[in-house]
Amino acid sequence: MENVRVRFAPSPTGPLHIGGVRTALFNYLFAKKHNGTFVLRIEDTDQTRYVANAESYITESLEWCGIPFDEGPGKNEKFGPYRQSERKEIYKKYADALVASNQAYYAFDTSEELDILRNQAEANKTVFVYNNVSRETLNNSINLTKQEVEAKLAAGEKYVIRFKTPKDQKLILDDMIRGEIIIDTNTLDDKILFKSDGMPTYHLANIVDDHLMEISHVIRGEEWLPSLPLHSLLYEAFGWIAPKFAHLPLILKPVGKGKLSKRDGDKLGFPVFPLNYTNQETSEVSKGYKEEGYFNDAFINMLALLGWNPGTEQEIFSLEELCKEFSIERVSKSGAKFSPDKTKWFNQQYMMSTDISKIVAEFKALNSEAVTGFDDVYITKVIEAVRERAIFSKDLWELSDYYFANPTSYDQKAAKKQWKETTSPLIKEVANVIKNIEDFNSATIEEKVKEYITSNELGFGKVMQPLRLSIVGAMKGPHLFDIIEMIGKENTLERIENSIKKLG
Ligand code: GLU
């Protein structure tokens with residue numbers, strides 16, 4: 001494919017939902033797969049919904065996800081500016097051109113007049129639509145004389161510019177995911193292209209910018225599919241070649257029905273945003289994947305498989321692999337169910353495979369005080385021993401605290417069950433065995449302790465369970481002799497002694 005240029009075109013109205021991140025990701029993957037360019041365009045023509053910190057949230061999210069844009073605000077501004085609010089002057093002439101070629105018209109109807117029509121229609125159990133039938137009788141330049149229109153414009157009367165939808169046409173549209181879509185133009189309304197506040201609507205600005213920015217493929221959410229007929233009519237009206245379109249399936253609630261919303265996340269306790277977001281008006285903080293402890297590559301891997309499948313059983317993909325493997329043909333038409341459990345599963349897989357030094361660094365940052373005095377070699381061994389049980393870096397401390405400090409308390413239930421009257425003398429003898437081991441490594445310690453157990457005809461559990469309680473303080477942790485080797489002989493004996501004092 002030649003000259004692939006795709007764009008992610010969010011409106012800065014709040015934090016970027018993971019559905020938006022997925023749209024950005026699929027655009028990014030498509031661009032990288034075809035050596036193309038990934039453009040970020042900020043669609044901020046709707047001033048009423050504009051939120052000041054939303055744009056920086058969007059760019060920071062893309063950065064964290066590792067899918068930065070190639071062109072956009074402040075970066076390689078070849079086709080800039082990339083904020084529609086800074087392109088205001090561009091759009092009017094395109095709207096005017098459509099009026100001049102009789103493919104759009106001025107509509108002077110006031111909102112009060114339109115409200116009356118809506119109410120009347122409602123009373124008759126119908127719906128008022130400004131379309132290719134009703135426009136014939138309304139207050140617009142189709143029905144007014146040239147002089148009347150000029151007089152209104154000269155008097156500064158408010159107007160909008162509407163698209164003059166052609167009558168009785170059968171549109172045959174093509175979507176890369178959905179295939180052929182046939183639409184009768186008589187079912188469409190005459191959408192506003194240019195508003196009375198001097199700003200273009202989404203439809204006009206979007207088409208003009210995609211054209212001027214030489215966008216080759218429009219990959220966006222399914223909610224924009226209903227706009228496709230108008231958009232392709234606009235390309236036709238301007239005499240431009242339309243880009244190819246792909247409308248991505250919705251991300252569905254975990255139960256499978258309906259679009260995934262923030263409320264689902266709040267209810268079930270998972271984030272629907274990549275980063276924490278503070279609403280500047282209410283100071284409400286919404287949780288993000290980053291701050292919850294997810295790895296960015298695990299998050300991206302999970303998102304990639306929401307709606308796309310590689311056609312094999314493979315589930316773990318690096319971003320590089322995704323760039324190679326991704327294809328629009330393998331994106332499904334039907335909605336993709338979001339699973340919070342699967343998302344955790346992905347993180348756990350990355351916990352296992354992420355470079356150990358990165359995990360160690362995170363662990364140290366989270367527990368800096370508790371691990372002072374321990375060197376990286378020791379900490380690395382600890383993390384290697386416990387990380388398979390962790391989903392997040394923040395889980396690691398609870399899984400490994402006993403490597404760094406003697407137990408200060410003992411799991412009561414376990415103590416009651418494991419520490420019998422005969423236990424203390426028994427454990428004292430085990431301590432003696434341990435004390436005499438010269439070559440202090442896991443295998444030798446295991447051999448000697450087991451030798452002691454068998455030669456005294458004791459049950460394994462009778463010794464091993466209380467011994468674990470002495471060393472760890474609870475019935476958790478990896479192979480006990482590995483732990484003993486790690487903490488060393490002296491500390492082991494100290495812990496045994498403490499437990500005898502406290503539990504005996
Ligand atoms: N500004 C639209 C949005 O917020 C972009 C839709 C499109 O990609 O065409 O989703």
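Note: the structure precedes this text.
On a predicted model such as this, the values are computed, not experimentally measured, just so you know.

**Examining the site of the ligand**
Phase 1: In the vicinity of the ligand, the contacting residues are R7, A9, P10, S11, E43, Y202, N206, R220 and W224.
Phase 2: Residue A9 places a main-chain N or O atom 2.8 Å away from a nitrogen atom belonging to the ligand.
Phase 3: Between the ligand and E43, the relevant distance is 2.6 Å, taken from a nitrogen atom to a side-chain nitrogen or oxygen of the residue.
Phase 4: The fraction of the free accessible surface of the ligand (290 Å²) that becomes covered by protein chains is 84%.

**Focus on unusual backbone geometry**
Phase 1: In this chain, G80 is followed by P81 through a cis amide linkage whose omega measures -5 degrees.
Phase 2: Mapping P81 onto the fold places it in the loop between α2 (54-65) and α3 (88-100).
Phase 3: In this structure, N35 is a non-glycine residue whose phi angle is positive, near 50 degrees.
Phase 4: Positive phi is not limited to glycine here, since S283 has a value of about 65 degrees.
Phase 5: As for its position among the elements, S283 is in the loop between β11 (277-278) and β12 (285-286).

**Details of helix α21 (residues 489-503)**
Think of an α-helix as 3.6 residues a turn; residues three or four steps apart then line up on the same face.
Phase 1: Relative to the 21 Å expected for 15 residues at 1.5 Å per residue, α21 spans 21 Å between its end C-alpha atoms, a close match to the ideal helical length.
Phase 2: Along α21, the residues classified as buried are N491, T492, L493, R495, I496, S499 and I500.
Phase 3: Residues of α21 that are buried sit in contact with α17 (423-435), α19 (460-472) and α20 (480-487).

**Notes on the sheet that holds strand β3 (residues 104-107)**
Phase 1: Pairing in this open sheet of three strands is antiparallel, and the strands run β3-β4-β7 from one edge to the other. A strand with exactly one partner marks an edge of an open sheet, and here the two such strands are β3 and β7 (192-194). This sheet shows a mean twist of 45 degrees between the axes of neighbouring strands, independent of strand direction.
Phase 2: As paired strands, β3 and strand β4 (residues 160-163) are joined by four bridges and run antiparallel to one another. Note that in β4 the partner of A107 across the bridge is V160.

**Considerations on the packing of α19 against α20**
Phase 1: Across the interface, α19 lies against α20 with an axial gap of 11 Å and an inter-helix angle of 35 degrees. With respect to the hand of their crossing, α19 and α20 are arranged in left-handed fashion. Listed contacts from α20 to M464, L467, R468, I471 and V472 of α19 are L480, F481, I483, I484 and I487.
Phase 2: Across the contact of α19 with α20, the residue classes break down as nine nonpolar, no polar and one charged.

What counts, and where the lines are drawn
Residues numbered from 1 in each chain as written. Predicted model: local features only at pLDDT ≥ 70, side-chain atom pairs only at ≥ 80, totals over all residues. Heavy atoms only, no water. Near = heavy atom within 4 Å. Polar contact = N/O pair within 3.5 Å; in protein donor to acceptor, adjacent residues only side chain to side chain. Areas by Shrake-Rupley, 256 points an atom, 1.4 Å probe, with all protein chains shown as cover. Helix = DSSP H or I, 4+ residues; strand = E, 2+ residues; numbered from the N terminus. Expected span 1.5 Å × (residues − 1). Buried < 20%, exposed > 50% of the residue type's maximum accessible area, 1.4 Å probe, protein only. Contact = heavy atoms within 4.5 Å. Pairing = 2+ DSSP bridges. Axes fitted to C-alpha atoms, helices over the stretch in contact; angles between N-to-C directions. Left-handed = near helix turned anticlockwise from the far one by under 90°. Nonpolar A, V, L, I, M, F, W, Y, C, P; charged D, E, K, R; others polar.

Spatial relationships are all this shows, so hold off on functional conclusions.
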